[in-house]
Amino acid sequence: MVEVGLTVQKAKRLQALPPYLFVELDRARRKLQAAGHDVIDLGVGDPDLPTPRPVIERLAQAAQDPANHRYSFTEGLGVLRQAIAAWYLKRFRVSLDPATEILPLLGSKEGIAHLPWAVVNPGEAVLVPDPCYPPYRSGAILAEAEVISMPLRAEMDFLPDLGDINQRAAHRSKLMFLNYPNNPTAAVASDAFFQEAVELARSYEILIAHDAAYSELAFDGYRPASFLQVPGAKEVGIEFHSISKTFQMTGWRVGWACGNATAIAALNQLKTNLDSGIFQPVQYAAIAALEMDEQPLREVCAVYQQRRDAVVDGLAQAGWAIPKPSATFYLWAPVPGGVSSMDFARRVLEQAHVVITPGSGFGPSGEGFVRFSLTVPVERLREAVARIAKVL
Ligand SMILES: *Cc1c(COP(=O)(O)O)cnc(C)c1O
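Residues numbered from 1 in each chain as written. Predicted model: local features only at pLDDT ≥ 70, side-chain atom pairs only at ≥ 80, totals over all residues. Heavy atoms only, no water.

Draft legend 1. Representation of the pattern of salt bridges in the model. Per the counting criterion, the structure on display carries 21 salt bridges. Where Asp 220 meets Arg 308, a salt bridge forms, and the shortest distance between an N and an O atom there is 3.0 Å. Of this pair, Asp 220 sits in the loop between β6 (207–211) and α9 (233–236) while Arg 308 sits in helix α12 (residues 295–317); the two residues are 88 residues apart in sequence, bridging distant segments of the chain. Put simply, Lys 324 and Asp 309 hold a salt bridge, and the shortest N to O gap is 3.1 Å. Separated by 15 residues along the polypeptide, Lys 324 in the loop between α12 and β9 (330–334) and Asp 309 in helix α12 bring together distant segments of the chain. (Salt bridge = Lys/Arg side-chain N within 4 Å of Asp/Glu carboxyl O. Helix = DSSP H or I, 4+ residues; strand = E, 2+ residues; numbered from the N terminus.)

Draft legend 2. Summary view of the pairing of strand β7 (residues 237–242). Counted residue by residue, β7 has 6 buried out of 6 residues, so it is predominantly covered. Residues Gly 237, Glu 239 and His 241 line one face of β7 and the alternating positions Ile 238, Phe 240 and Ser 242 line the opposite face, and both faces are buried. Bridge count between β6 and β7: 4 bridges; the pairing is parallel. Paired with Ile 208 across the strands is Gly 237, a residue of β7. In this structure, β7 lies alongside strand β8 (residues 255–259), joined through 5 bridges in antiparallel fashion. (Buried < 20%, exposed > 50% of the residue type's maximum accessible area, 1.4 Å probe, protein only. Pairing = 2+ DSSP bridges.)

Draft legend 3. Representation of the site of the ligand in the model. The environment of the ligand is formed by 14 residues, the closest being Asp 211, Tyr 214, Ser 242, Ser 244 and Lys 245. Residue Lys 109 places a main-chain N or O atom 2.9 Å away from an oxygen atom belonging to the ligand. In isolation the ligand exposes 390 Å². Once the protein is present, 95% of that is buried. (Near = heavy atom within 4 Å. Polar contact = N/O pair within 3.5 Å; in protein donor to acceptor, adjacent residues only side chain to side chain. Areas by Shrake-Rupley, 256 points an atom, 1.4 Å probe, with all protein chains shown as cover.)

Draft legend 4. Just the sheet that holds strand β12 (residues 369–373), in detail. Strand order in this open sheet of 3 strands is β9-β12-β11, and the pairing throughout is antiparallel. Edge positions in the sheet fall to β9 and β11 (357–358), since each has one partner strand and no second. Two strands pair when backbone bridges link them, and β11 and β12 are joined in this way by 2 bridges, in the antiparallel orientation. For Pro 358, the partnering residue across the bridge sits in β12 and is Val 370.

Draft legend 5. Here's a closer look at the nonpolar core. Tyr 88, Ile 165 and Met 176 are the most contacted members of the largest nonpolar core, which totals 60 residues. Counting contributing residues, this core receives three or more from each of domain 1 (18–50 + 295–391) and domain 2 (53–290). The residues touching Ile 165, leaving out its near neighbours within four places in the chain, are Leu 127, Met 150, Ala 170, Met 176 and Leu 200. The next biggest cluster of nonpolar side chains, apart from the first, holds 42 residues, and it includes Leu 32, Val 311, Met 342 and Leu 374. (Core = buried A, V, L, I, M, F, W, Y, C linked by side-chain atoms within 4.5 Å. Domains from an automatic or database assignment. Contact = heavy atoms within 4.5 Å.)

Draft legend 6. View of a negative patch on the surface. On the surface, Asp 161, Asp 164, Glu 196 and Glu 199 cluster together into a patch of negative charge. Mapped onto the elements, Glu 196 comes out in helix α8 (residues 191–204). Accessibility expressed as a relative area gives 38% for Glu 196, which makes it partly exposed. (Patch = residues over 30% accessible without salt bridge, like charges linked within 9 Å, V, L, I, M, F, W, Y side chains within 5 Å. Lys, Arg positive; Asp, Glu negative; His and termini not counted. Charge placed at Lys NZ, Arg CZ, Asp CG, Glu CD.)

Draft legend 7. Spatial organisation of the packing of aromatic side chains. In the structure shown here, the tally under the stated rule is 20 aromatic pairs. Ring centres of Trp 87 and Tyr 88 lie 5.8 Å apart, and the angle between their planes is 65°; this geometry places the pair in the edge-to-face category. On the numbers, 5.3 Å between centres and 50° between planes, the contact of Tyr 304 with Phe 329 is tilted. With Tyr 304 in helix α12 and Phe 329 in the loop between α12 and β9, the pair connects residues that are 25 residues apart, well separated along the chain. Of the two residues, Tyr 304 and Phe 329, both sit in the buried class. Taken together through their ring pairs, the aromatic side chains of Trp 87, Tyr 88, Phe 92 and Trp 256 make up a single cluster. (Phe/Tyr/Trp six-rings, centres within 6.5 Å; stacked < 30°, edge-to-face > 60°.)

What follows is the structure in C-alpha cells.
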C-alpha cells in the first residue's frame, strides 16, 4: 500500500487565537531547571495547599459505589445544584432556583470558553477586559465573534470605564465579561460599579457574565460581593463560580454558572452536545466542600495574607512599591525602571531565577506590570524577595 500523506490544516478559528507569548520565557526556565538551578515559580495561579480532608474522603467513599460509575448528566446531580443554591443563599443572600438557574461545569473555564458559542452569533461583539483571564478572549474568538477590549487602568482602579464604550460598539455587543476580584490585577469592584454594569446591560441588551472565581480569597476582613446581589442583575446576567481556588481543588474540575435562566438553558443545550457531565464522585466531593464550615477557609486566607505581606513589605524595603491587594492570590506590580514587562520578567528569571508573568501576556493594557502568584510557601517567597532585591 502506498501511504498518501495528508496535510492536516489548522482551522482558521485556531489561527485567529492570539499567539502564546511565553515560549521564550518557558524555554529559558526549563534550561535553568535542567542545569540544576533552584527556580522559584511565581508564574502559575495554582494553589500549593492541599484539598481539605473531608472532600477527599467523600470522593473515596462515593467512588466505591457502582451507581456512580456510569454516565452522569450534563446538568449535574440535583443534590449538587441544591448545595450550590444553599451556599449562595448563605454566603450572598442570593436565592437561585436549582432547577433552572444553576448549571454545574467541568471547571468554570469550560463554561466561560463555551458561553459565546451559546449566546453570540458570528460577527456580533463580545466586550472583554484587557488585561484578562485568557479564556474570555479565546472563547469569543473561537465563536467567531468580534472582540472589543475594555482597558483596565490603574487610574480607574482597574475597573473598565463603562461610560467610555461607544454606542455603536455597545449596540453590536451581545456579551460582556467582568471578573472581580480580578485576575490578573487583583482589583475589586464596588456595588456601585456592578449597578452601573446592570444599567448598561439593560440599555443595550448585553448579557453580563461575571466571573467570581476569587470571591472567597480576601483579606483584612473584606468580603467580596456577588454580582447577582445587585438589584436586576439576574435579568441581565450570570455569574461563574469555581471551587478550584476556594477549596484548593484546581485539578478536580468543578465550577458552575448561575443566574439568568435563559442564558443557563442555552449553555446547557450547548453542553449536552459536548460533554456528559462531571464524574459523580467528584460532584459529591464538591458538595462536601460547599458544606464545610468556614474555619478552614479563614485559615487559607490567613496564609495568603501572610504571603502577600511578606512580598509587598519585603520588596518595599528594597525600594519597589507594590499596592497591597485586598483579594486574590496575586500581586499586580508596576514594572520598575521603565523597561517592558517581558524584558523585566526575563531579567528576573535570568538573574534571580524567579518566574513572574509579564503583564503584556494578559493583553496589551497589561504592559507596564508583572503578576506574582502567591502560591508557594512564605519561606520561598522570602527567598524570592531577597533574590529580586539584588536585581533591582
Ligand atoms: C483560575 C480561574 C478560573 C478557573 O477556574 P476553573 O474552575 O478551575 O476552571 C476562572 N476564572 C479566573 C479569573 C481564574 O483565574
